[in-house]
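# Working through the structure, step by step
As a plain string of letters, each chain reads:
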Amino acid sequence: MNKLLFTGMLKSLTQMFNTTFLGIYFLKISGGNILEVVLFYIIWYLFHPIFMYIISKKINKNNIIAMYRTGIFFDLLCFMILFFAKENIVKYIYLFAILAAFREAIYWIPQKMLIYNVSREGSYKKYFSYMQIIEKIWIIISTIATGYIITESSYQFVFMIIIVLGIIIFFSTFSLDKIEYEQNSIKIKKMKEMMKNKNSRRTYTMYLLYGMNSGGVLLILVQLVIFMQFNSEFSIGYLNAIFAIIATITLVLLNKYLKPKNYQKAFCIAGLLIIISVLPMLINTNFAFFVIYNIALNIGGQIITVLQSENLFKINDSKDLKNYKLENIMLSEIYLAIGRVTGFIALLIVGSVSFNLLSIKILVMVLSMLIILQIILFNNIRNYKDLLRN
C-alpha cells in the first residue's frame, strides 16, 4: 500500500493543478473566453470513458503496472506540452483535451485495479483515507507555492517543477510489486449483467450525481469564484490551502473514529452539512458565505468521497459481483463522465447567457443541492451492512 500511495503523489499534484489552476490558465490565455474553456472540459470528459473502455480491453495482470507507469508518463507529457507550447496551446486546446482524456484513462484503470490488492493489507477506508490525507497535505503545500510562483514568476516555472517531480515519481513505479491475481479483459455482456443489480445501479447513479457536483464542474466553479473575486492565483492558492487543512483534519478523524456501522449516518450528516451551508447563499451571495460553504464542502465532501469510493469497491468484492471488477469500474466511470459532461453543459449554458460572479455562485448552489439525491441513494443500497461484512 505504501508504494502505491507514494506513486500516487504525482497524480495528486497534477490533479491539484488540473482542478485548481488549469481552467484559470486557459481562461487567461484565451482572453477570457469561458465557452472555449468549458468545451475543453466537455471534450475531455466525453473521450475519457471511450479510452477507458479501450484500455480495459487490453489490460491484464502482466501489463497493469506498465500501463500505470504509462499513465504517469503521459501526465509528464501533457505538462511538457504546456511548458513548450506556452500561449500557443490555445490553438490546439481541443486536441489537448483528447490527449488529457487518454492520459486520465490509462492512469485510472490500472490504478483502480492495483487498489484491489489493498484489501490484503487493510481496509479500503484506510487506503482512501490515507490517499486523501496525502493529497490534502500536497494541496496545502503546493497550492500556496503554486499560487505564489505564478503570481511572482509564471505558469511556465510551475510546469517545469511538476515535470522534475514527475520524473522522480515515474522511476519510482519500477519498485511496485507484481500483480498476483488473473485479470480478464472487459466484456460488455458482463456490464449488462452488472446493470441488473440494484445496488450497482444506485452506486453508478451516485457517481453521476457526484460528477455533476464535487466530482466535476463544482471544483472548477469554486476556483472561478475565487479568481473572479480577487483576480489573483495567490488568493486561489492560500484559500485552497486553508480548505485543505480543514479537509485533512476531517480525514484523520474519519480514519481513526468512523466505524462501518455508522457509515450511512455519517454520509447523511456530511451531505446535510453541505446543504445547510448553501442555504445562506440563497439569501445573500457574498464571499463570506461562500467561504463558509467551502469549509462545509471540505468537511462533508471528504466523508462523501471516501465512503462512496469504499462503497464501490465493497460492492465489487461481494459474492455475486466479485468477478466483475473491470466492468464495475468501467460503468462507474461512464456514469461519472455523464455527470461531468452534464455539469459542464450547465456551465456552458450559464456562460452563454450571463457569465458573471452572481450567475456562477447560483450554479454552485443549484449543483450542490444534488447531494440530497446522493444521500437518498446511499441509504437505499440494500444489504449495505452485509456487503461490509463480506
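Read on for a plain summary of the structure. Source: prediction; values computed, not measured. (Residues numbered from 1 in each chain as written. Predicted model: local features only at pLDDT ≥ 70, side-chain atom pairs only at ≥ 80, totals over all residues. Heavy atoms only, no water.)

For the rest of this paragraph, the subject is the packing of helix H9 (residues 217–230) against helix H14 (residues 357–368). The contact between H9 and H14 brings their axes to 10 Å, and the two run at 150 degrees. Regarding the angle of H9 to H14, the classification is roughly antiparallel. Both H9 and H14 take part in a crossing whose hand is left-handed. From H9, Val-217, Leu-218, Leu-221, Val-225, Met-228 and Gln-229 reach across to H14, where they touch Leu-357, Ile-360, Lys-361, Leu-363, Val-364, Leu-367 and Ser-368. Considered class by class, the residues forming the contact of H9 with H14 number 10 nonpolar, 2 polar and 1 charged. (Axes fitted to C-alpha atoms, helices over the stretch in contact; angles between N-to-C directions. Helix = DSSP H or I, 4+ residues; strand = E, 2+ residues; numbered from the N terminus. Parallel < 35°, antiparallel > 145°, perpendicular 65-115°, else oblique. Left-handed = near helix turned anticlockwise from the far one by under 90°. Contact = heavy atoms within 4.5 Å. Nonpolar A, V, L, I, M, F, W, Y, C, P; charged D, E, K, R; others polar.)

Core analysis: the biggest nonpolar cluster contains 114 residues, and Phe-26 and Leu-221 have the highest contact counts within it. Of the residues forming this core, the biggest block, 13 residues, is contributed by helix H4 (residues 93–115). In contact with Leu-221, other than residues within four places in its own chain, are Leu-347, Ile-360, Leu-363, Val-364 and Leu-367. (Core = buried A, V, L, I, M, F, W, Y, C linked by side-chain atoms within 4.5 Å. Buried < 20%, exposed > 50% of the residue type's maximum accessible area, 1.4 Å probe, protein only.)

Our next topic: unusual backbone geometry. A positive phi angle is found at Lys-86, which is not glycine, with a value near 55 degrees. Structurally, the position occupied by Lys-86 is in the loop between helix H3 (64–85) and H4.

Here the focus is the packing of aromatic side chains. Counted by the stated rule, this structure contains 32 aromatic pairs. Sitting above the plane of the Phe-174 ring, Arg-69 keeps its charged end 3.8 Å from the centroid. (Phe/Tyr/Trp six-rings, centres within 6.5 Å; stacked < 30°, edge-to-face > 60°. Lys NZ or Arg CZ within 6 Å of the ring centre and 35° of its normal.)

Bringing the environment of Thr-151 into the picture now. With respect to the secondary-structure elements, Thr-151 resides in helix H5 (residues 124–152). Thr-151 gets classed as partly exposed once you look at its relative accessible area, which sits at 41%. Discounting residues that sit within four places of it in the chain, Thr-151 has contacts with Ser-232, Glu-233 and Phe-234. At 2.8 Å, the side chain of Thr-151 and the backbone oxygen of Gly-147 are in polar contact. (Polar contact = N/O pair within 3.5 Å; in protein donor to acceptor, adjacent residues only side chain to side chain.)

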